[in-house]
Amino acid sequence: MTIALIRESLRTARQVLRQDYTDQPNPTRYLRTHSKTVDAHVMEVWRSLTLPPELALVAVGGYGRAELYPKSDIDLLVLLPQDASAELEQRLQTLIGNLWDIGLEVGHSVRTIAQCIQESSDVTVQTNLLEGRLLIGSASLFKDLQSALLENLDPRAFYVAKQQEQIQRHTRYIDTDFNLEPNLKESPGGLRDLQTVIWISRASGFGHTWQALVKAELITPSEAKQAAHHERFLQDLRIRLHYLSGRHDDRVVFEYQTPLAEQLGITASPQLRASERLMRRYYQTKRAVQQLNAVLLQTMRARLFPSAETYPLNERFIARDDKLEARDEMLFETTPSAILESFILLQQHPRLTGFSAQTLRALWRARYKIGADFRTDPVNRQLFMDIFRQPQGLTHALRRMNQQDILGRYIPAFGRVVGQMQHDLFHVYTVDEHILMVIRNLRRFTLPIHAHEFPLCSKLIVDFARPEVLYLAGLFHDIAKGRGGDHSKLGRADASRFCKQHGLMREDNELIVWLVENHLTMSATAQKQDLSDQDVIATFASKIKNERYLTALFLLTVADIRGTSHKVWNAWKGKLLEDLFQSTKRFLSSGKIADQAGEARRLAGESLNLYAIHPDVYKLLWTQFDNEYFTRHEPHEIAWHTRLLAHRVNTDAPIVKARLSRIGEGMQVLVYSPDKPFLFAKICNFFARMSYNIMEAKILTTQHGYALDSFLVMDANDAKTEYRDVMNYIEYELTQHLSNDEISKAAQGGRVSRQLKHFPIAPKVDIERDEKGHFILSIIAGDRPGLLARIAHVLAQNDIELHSAKINTLGARAEDTFRIGGKSLEHGNVAEKLCEELRQLLA
């Protein structure tokens, strides 16, 4: 048969396989049949070349274990009795070329047995060879290879190497980019975790199937059934994903989640998209696979590394090596309260790294004991509170309880959010993982080793009495997500019920409930309102009962924002929250609005004195500023502006100056120029072209018609940018850009992120008046490059004056607030027409 005919035969066979799978999906049958189909065509190519019979062609890796996915490559070993001659090497090159020509993607090696043994010092190579399967050629040579591999195999060393390999893989794939778009093969709880168990079992002589592990008494029949069930689900997803993507792609990106759900017959519910219901099932499978992996690895470790080192902890538990073990396997069945006690013991004995295999199994079996009677038992309620009051180990305890399905059973409301995705464009964790991340962040504030990260938070939490109040608020703050309605108010009811049931003192009960209901208030105020406006501070302070409430809300807010995504938090958000905290604290202690403008003048004057600048030098400049300038700028900013502008009050040319921001990230840029139409739009266009985000803009028109605009900008693509290197470029290029009176065109809409493309949000645009009569433009839309520049262009076209801008970017979601003005806004329906124009722009 010619290569062309073989290629056509393979193509037709694969088409039939795909149709069969569509009609009757059976992952196990498909993978086996696909492997056999490829086997037949590979052997046909081998025969066509009449290669020496003393050679052996061996399938290795996934192909070797007959698990060949639609778009996977095939790994082949050409086994030689001795080094190949030049003529044989040429024929083997033809073999590999022909295999590619028939439509296979081939990874290959050509080795003797000695070379295989030498290469097997790498555990990955060793694993591939252990799964070797003879396709064609010398059976005796292949048998010799298998014997040599077993002779050189140390099961203990193999176990240690594979366990370390798994730890490294988990570390690599636990990155936030894989949380909502997991890799079915490599992510924790994926197919590789199941394969690792089988590899170690094979190397240790226990067998290479789930039923073989049952015979070896490493796994129960029920566990074997669960393992096979979860494996089939992941295999099914991976097969479908390969067909959907048309390539070897194992990552369930947003683009494929909805089509996968449709193929599996999963429909949307009133609260959840079909894709979210699919992914919830995936996360439940992931958790079960991680549980099985942990139990089986520990069970095999106990067989391979028997140990007699034990010491008693109490009458119910002992420590075996570095694991906690129940003295009686039926302990949790007969004394269910021991379930919670076990987690407290792990907290109290940090030398222990987890549960023994038998205790893990016992916990998993006994989780069904946690029902209504368990939850109402005063002993269990006290034990649960003791977990939160331990001085260490809370984060690990809660994560273990979530992994073991204990936490969701004890608090059913938490169980409902396990595995629930959040397509709000800025959370990168499921709801349960986000909640635990917030508690972890709160605990992190208490550790001296991390005090440098958030010095104020670390200082505040040290003096905060009964910090379990904060942890419980963190536990309940998002617990009502996905129910429909306001999750803050629904969560408030859950928190109130919990506090009463668990006997918390009244003041702690009230604080926890208040924190859950108001956990978004501080971030909304800091990121959307003008913190230089003392009325804003007074309004916010009116919601705060006392300084303990303020401190608790500040700590929870920082931990919450930090727990959404590493891309959402930045030093600018930290400064806004800290400024609001300090301003509110001063207001609560004094009960009055400070003379902020006068204080700013005084402090700026003191700073200028250090530069030997007499007040007469800047008197003319300061007379051009109104009180609003002094209230909205910090004293060090005023002093900087004054040093730069005191001698150039009436300059004809634009002045652009930049300096490193004092918050530790980004750059402050000052623009001073005779005011003109489209000035702000041109500045935004300039930074959009540089791929810089404007985090804040303070816009001022002086008494003599000059624009004094100050910006905080950050590189949108690289948080580690050396801003000092680009300051001179910005000063020169932006000056040249503004000196040109030509009105620049509106920035073109940049590329939409994948997440925004598949989970778009309808833009929301509103114009309202605040208490002082100012017009406030609020915009919520999907973020994209050039967004602010396009908004600025529309405002300029409509003769809208811009007084300030607060830019709040949450992942792929933009929530921007502008204080605007203009005579046209006072008339008729101009405001609504402007809103509609902006909605069309942002759609």
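Look a little higher up for the structure.
Residues numbered from 1 in each chain as written. Predicted model: local features only at pLDDT ≥ 70, side-chain atom pairs only at ≥ 80, totals over all residues. Heavy atoms only, no water.

**A word on the overall build of the protein chain**
When its secondary structure is counted, the protein chain shows 39 helices and 16 strands. For the C-alpha atoms alone, the extent of the protein chain along its principal axes is close to 100 × 70 × 55 Å. The proportion of buried residues among the 843 residues of the protein chain is 57%. If you take every contact in the protein chain between residues at least 6 apart in sequence, the share linking residues at least 24 apart comes to 71%. Carbon and sulfur atoms provide 49% of the accessible area of the protein chain, an area that totals close to 37200 Å². Both charge centroids of the protein chain, one from 105 positive and one from 102 negative side chains, sit 3 Å from each other. (Helix = DSSP H or I, 4+ residues; strand = E, 2+ residues; numbered from the N terminus. Buried < 20%, exposed > 50% of the residue type's maximum accessible area, 1.4 Å probe, protein only. Contact = heavy atoms within 4.5 Å. Areas by Shrake-Rupley, 256 points an atom, 1.4 Å probe, with all protein chains shown as cover. Lys, Arg positive; Asp, Glu negative; His and termini not counted. Charge placed at Lys NZ, Arg CZ, Asp CG, Glu CD.)

**A few points about the sheet that holds strand S5 (residues 310–312)**
Sheet strands line up and pair through hydrogen bonds in the backbone, either parallel or antiparallel. Within the open sheet, the four strands sit side by side as S5-S6-S7-S8. Their pairing is mixed. Of all the strands in the sheet, just S5 and strand S8 (354–355) have a single pairing partner and so form its edges. Strand direction decides the pairing type here: S5 and strand S6 (residues 317–320), joined by three bridges, are antiparallel. When the bridges of S6 are listed, Pro312 appears paired with Ile318. (Pairing = 2+ DSSP bridges.)

**What to know about the environment of Arg724**
Tracing the backbone through its elements, the reader meets Arg724 in the loop between strand S12 (706–715) and helix H36 (727–739). Residue classification places Arg724 among the exposed residues on the basis of a relative accessible area of 54%. The sequence separation of Arg724 and Ile512 amounts to 212 residues, and the corresponding C-alpha distance is 45 Å.

**A look at the nonpolar core**
In summary, soluble globular proteins display a tendency toward joint burial of nonpolar side chains. Counting 155 residues, the largest nonpolar core has Ile411, Phe414, Phe687 and Phe818 as the members making the most contacts within it. For this core, the leading source of residues is helix H29 (residues 547–562), giving ten residues. Beyond its immediate sequence surroundings of up to four residues, Phe687 is in contact with Val669, Tyr692, Ile694, Val713, Ile730 and Leu734. Core analysis: the second largest hydrophobic core is formed by 54 residues, Leu130, Leu194, Phe233 and Val289 among them. (Core = buried A, V, L, I, M, F, W, Y, C linked by side-chain atoms within 4.5 Å.)

**Quick word on the packing of H29 against helix H30 (residues 571–590)**
Where H29 meets H30, the axes come as close as 10 Å, and the angle between the chain directions of the two elements is 175°. Taken together, the axes of H29 and H30 are roughly antiparallel relative to one another. Packed against H29, whose contacting residues are Glu547, Leu550, Thr551, Phe554, Thr557, Val558 and Ile561, the element H30 presents Lys573, Leu577, Glu578, Phe581, Thr584, Lys585 and Leu588 at the interface. Residue composition of the contact of H29 with H30, by class: seven nonpolar, three polar and four charged. (Axes fitted to C-alpha atoms, helices over the stretch in contact; angles between N-to-C directions. Parallel < 35°, antiparallel > 145°, perpendicular 65-115°, else oblique. Nonpolar A, V, L, I, M, F, W, Y, C, P; charged D, E, K, R; others polar.)

**A look at the pairing of strand S15 (residues 801–810)**
Most of S15 sits inside the fold, with eight of its ten residues counted as buried. As judged from the three bridges shared by strand S11 (residues 692–701) and S15, these two strands associate in the antiparallel manner. Residue pairing across strands places Ala697 opposite Ala805, the latter belonging to S15.

**Quick word on helix H31 (residues 596–609)**
For an α-helix the count is 3.6 residues per turn, leaving residues at separations of three or four pointing the same way. Here H31 is 14 residues long and its end C-alpha atoms lie 20 Å apart, about the 20 Å a rise of 1.5 Å per residue gives. For H31, the complete set of buried residues consists of Ala597, Ala600, Ala604, Gly605 and Leu608. Down the axis of H31, the sector holding all buried residues measures 130°, keeping them to one side. Contact partners of the buried residues in H31: helix H32 (615–623), helix H33 (627–632) and helix H34 (635–645). (Expected span 1.5 Å × (residues − 1). Arc of directions from axis to C-beta.)

**Considerations on the sheet that holds strand S2 (residues 74–80)**
Spatially, S3-S2-S1-S4 is the arrangement adopted by the four strands of the open sheet, whose pairing is mixed. Of all strands in the sheet, those bounded by a partner on one side alone are strand S3 (106–112) and strand S4 (133–137). Looking at each pair of strands side by side, their axes are set apart by 25° on average, direction ignored. Bridge count for S2 against S3 is seven bridges, and the pairing is parallel. Along S3, the bridge assignment pairs Asp75 with Gly107. Sitting on the sheet, helix H2 (residues 27–48) touches strand S1 (56–60), S2 and S4, and the angle it makes with S4 is about 30°. Lying on the sheet, helix H7 (residues 139–151) is in contact with S1, S2 and S4; it crosses S2 at an angle near 100°.

**Some remarks on the pattern of salt bridges**
A complete count under the given rule lists 46 salt bridges for this structure. Here Glu341 and Arg316 are joined by a salt bridge, their closest N and O atoms 2.8 Å apart. Taken together, the residues Glu341 in helix H15 (residues 338–348) and Arg316 in the loop between S5 and S6 connect sequence positions 25 residues apart. The partly exposed category is assigned to Arg316, whose relative accessible area is 25%. Here Asp494 and Arg497 are joined by a salt bridge, their closest N and O atoms 3.2 Å apart. With Asp494 and Arg497 both in helix H25 (residues 487–501), this residue pair falls three residues apart, about one helical turn. Judged by its relative accessible area of 45%, Arg497 is partly exposed. Salt bridges here are not isolated pairs; linked through shared partners, they connect Arg169, Glu186, Arg192 and Asp193. (Salt bridge = Lys/Arg side-chain N within 4 Å of Asp/Glu carboxyl O.)

**Side note on the packing of aromatic side chains**
Following the criterion strictly, the structure yields 25 aromatic pairs and no others. Ring geometry for Phe317 against Phe332: centres 6.2 Å apart, planes inclined by 40°, an arrangement best described as tilted. On the criterion of sequence distance, the pair formed by Phe317 in strand S6 and Phe332 in helix H14 (residues 331–334) is long-range, its members being 15 residues apart. Ring geometry for Phe687 and Phe711: centres 6.3 Å apart, planes at 55°, overall tilted. You can see Phe687 sitting in helix H35 (residues 679–689) and its partner Phe711 sitting in strand S12, a full 24 residues away along the chain. Judged by relative accessible area, which is 3%, Phe711 ranks as buried. (Phe/Tyr/Trp six-rings, centres within 6.5 Å; stacked < 30°, edge-to-face > 60°.)

**Some details on the packing of helix H11 (residues 221–245) against helix H12 (residues 254–263)**
Viewed as axis vectors pointing N to C, H11 and H12 meet at an angle of 120°, and their least axial separation amounts to 11 Å. For the element pair H11 / H12, the angle class is oblique. In this structure, H11 crosses over H12, and the sense of that crossing is right-handed. On H12, the residues touching Leu237, Arg240, Leu241, Leu244 and Ser245 of H11 are Tyr256, Pro259, Leu260 and Gln263. Classifying every residue of the contact of H11 with H12 by side-chain character gives six nonpolar, two polar and one charged. (Left-handed = near helix turned anticlockwise from the far one by under 90°.)

**Remarks on the side chain of Gln257**
Note on placement: Gln257 falls in helix H12. Residue classification places Gln257 among the buried positions, given a relative accessible area of 0%. At 3.0 Å, the side chain of Gln257 forms a polar contact with the backbone oxygen of Val252. (Polar contact = N/O pair within 3.5 Å; in protein donor to acceptor, adjacent residues only side chain to side chain.)

**What to know about the environment of Arg169**
Mapped onto the elements, Arg169 comes out in helix H8 (residues 155–173). Between the alpha carbons of Arg169 and Ser204 there is a distance of 22 Å; along the sequence they are 35 residues apart. Within the local environment of Arg169, its side chain forms a polar contact with the side chain of Asp193, the two groups lying 2.7 Å apart.

**Digging into the state of the cysteines**
What the rule picks out here adds up to zero disulfides. Left unpaired, Cys835 is separated from the closest cysteine sulfur, that of Cys684, by 19 Å. (Disulfide = S-S within 2.5 Å.)

Function cannot be read off these values alone, since they describe shape.
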